[in-house]
Amino acid sequence: MKISAEIGVITPDEVRENVVLTLGQSDAGVMEIPHSIAYCPLINSHDHLIGNWVPKAGDKRPYPNSHIWVEDMKNSFSFQERNKYWINDGSFRLHEPPALDLAKLGAYKSLFSGCGIVHDHAPLQTQDYYDAMPIKVPNNYRQCHSITLGNWWGGETPEEEMRQSAGKMPFIIHLGEGTDKITRVEFNELDKWNLLQPNTLMIHGIAFKDYEIMQIAMVKASICWCPTSNFFLIGETLKIDAALRCHANVVIGTDSTMSGATNLIGEFTLIREHFPHIPIRELYRMVTQNAVKALYLPPVYGSLNPENTQNLLLTDAIESDPFENLLALEPAHIKLLVVDGIPRYGESEYFELFDVKEGDYSFFRTGNKEKFVIGDPMEINESIDAALGYHKDFPYLPF
């Protein structure tokens, strides 16, 4: 089929008008979709999918480092309430219910904000975990929780994890998430252990000094910026202007809702509030092309391909500028989200255009529009309600 959008954002640097998109096998007709903007789906480069409970946790803020918060949050209302549904026994066997349902709920958080990919920073799981997700959750990576706490949640030593990456996949690690001496020396430790490589993706970097950011840029490693979580927990964030000046590869992550934003669009909104000089076009680059580089994804996920549109985010045109339009994006404004040729979410009128099984999807209304979504997040919400004995509202779910 072919559809025509009023505006197509091919890359952050190329925008076309009246772009025709070919989805699957082409036919003679073109469906005109007025007042629409086409993008490639966004990429959330850092989340902890099982951690997307609300409200935020952290009664002793600001923390000198996040390692203190990791323990302190266990006494929070959110953590204790989540325990009524799932207790983390330390095994991190997330492919088993109810942990799997929580992780899927976290993936829906990204889906409903226009993401086609979300990276789940956790120990590697079995393949059925990734296959169960409503959008793409990469499993081609190696990781360590942090320099200070090590791989307490599972995995090898950071040196062995890097060795196993063989430079062909990202090595992901929390680093410099704080302002104290402990977090200020973590970058030096990383470098001393020969873990600063082109495939290193460092999460947060609040404690990074200007010359360390320059070193990261020279090595061509990547930094994941999670500003909402940083400001909430620590009160400061990455020196983003220094990172942009030296052309470091910066990507954006939400972290979990126990410290971060409601979704990726919430991160955009906070960045506009604190850093109004950064163009939204550059934020879009961070969540598309930069993320593809940092996560070692195929280039097809970093741009919109009109001739063979396997990945598509089609939205209402609320603003005339397609980048400013992202700031206004809500689940009701998403007309169609396609990832790897499979419709994941959108308006029900487009569902029949695809040769898929109706039983694999659920349907609901939001913003006075009929929507479809792959899987059944409403069933997950209902199972949580049953365990709690009352309704639990998650702000990233649109029903």
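Look up a bit, the structure's there.
Treat the numbers as computed from the prediction; the structure is a model and nothing was measured. (Residues numbered from 1 in each chain as written. Predicted model: local features only at pLDDT ≥ 70, side-chain atom pairs only at ≥ 80, totals over all residues. Heavy atoms only, no water.)

Student: Tell me what's going on with the pattern of salt bridges, and back it up with residues and numbers.
Tutor: According to the stated counting rule, one finds 17 salt bridges in the structure shown. Here Lys109 and Asp47 are joined by a salt bridge, their closest N and O atoms 2.9 Å apart. Within this pair, whereas Lys109 is found in helix H3 (residues 99-111), its partner Asp47 is found in strand S4 (residues 42-47), the two being separated by 62 residues in sequence. Look at Lys109 and you get buried, because its relative accessible area is 0%. For Asp316, the salt bridge goes to Lys369, with nearest N and O atoms at 2.7 Å. (Salt bridge = Lys/Arg side-chain N within 4 Å of Asp/Glu carboxyl O. Helix = DSSP H or I, 4+ residues; strand = E, 2+ residues; numbered from the N terminus. Buried < 20%, exposed > 50% of the residue type's maximum accessible area, 1.4 Å probe, protein only.)

Student: Can you break down helix H5 (residues 158-165) residue by residue, with the values?
Tutor: Every buried residue of H5 is listed here: Pro158, Glu161, Met162 and Ser165. Down the axis of H5, the buried side of the element spans an arc of 100°, and every buried residue falls inside it. The inward-facing, buried residues of H5 contact strand S6 (142-146), strand S7 (171-175) and strand S8 (200-204). One or two positions beyond H5, positive phi appears at Ala166, with a value near 55°. (Arc of directions from axis to C-beta. Contact = heavy atoms within 4.5 Å.)

Student: Explain the side chain of Asp385 residue by residue, including any values.
Tutor: Following the sequence through the fold, Asp385 ends up in helix H15 (residues 377-388). It is Lys392 that comes nearest to the buried, bridge-free Asp385 among opposite-charge side chains, at 8.8 Å. In terms of polar contacts, Asp385 uses its side chain to reach the backbone amide nitrogen of Lys392, at 2.8 Å. Leaving out residues up to four positions away in the same chain, Asp385 has contacts with Tyr390, His391 and Lys392. (Lys, Arg positive; Asp, Glu negative; His and termini not counted. Polar contact = N/O pair within 3.5 Å; in protein donor to acceptor, adjacent residues only side chain to side chain.)

Student: I'd like a description of the nonpolar core, backed by residues and values.
Tutor: Inside soluble globular proteins, nonpolar side chains tend to come together where they are buried. Met202, Trp225 and Leu312 are the most contacted members of the largest nonpolar core, which totals 132 residues. Here the element with the most residues in this core is H3; it accounts for eight residues. (Core = buried A, V, L, I, M, F, W, Y, C linked by side-chain atoms within 4.5 Å.)

Student: Requested: an account of the pairing of S7, with residues and values cited.
Tutor: Along S7, five of the five residues are buried, which leaves the element largely enclosed by surrounding structure. With burial as the criterion, each face of S7 is covered, one bearing Phe171, Ile173 and Leu175 and the other bearing Ile172 and His174. In the classification by handedness, the crossover that spans S6, the intervening H5 and the parallel S7 is right-handed. Across five bridges, S7 lies against S8 in parallel orientation. Counterpart to Leu175 in the pairing with S8 is His204. (Right-handed = clockwise from strand over helix to strand, strands pointing away. Pairing = 2+ DSSP bridges.)

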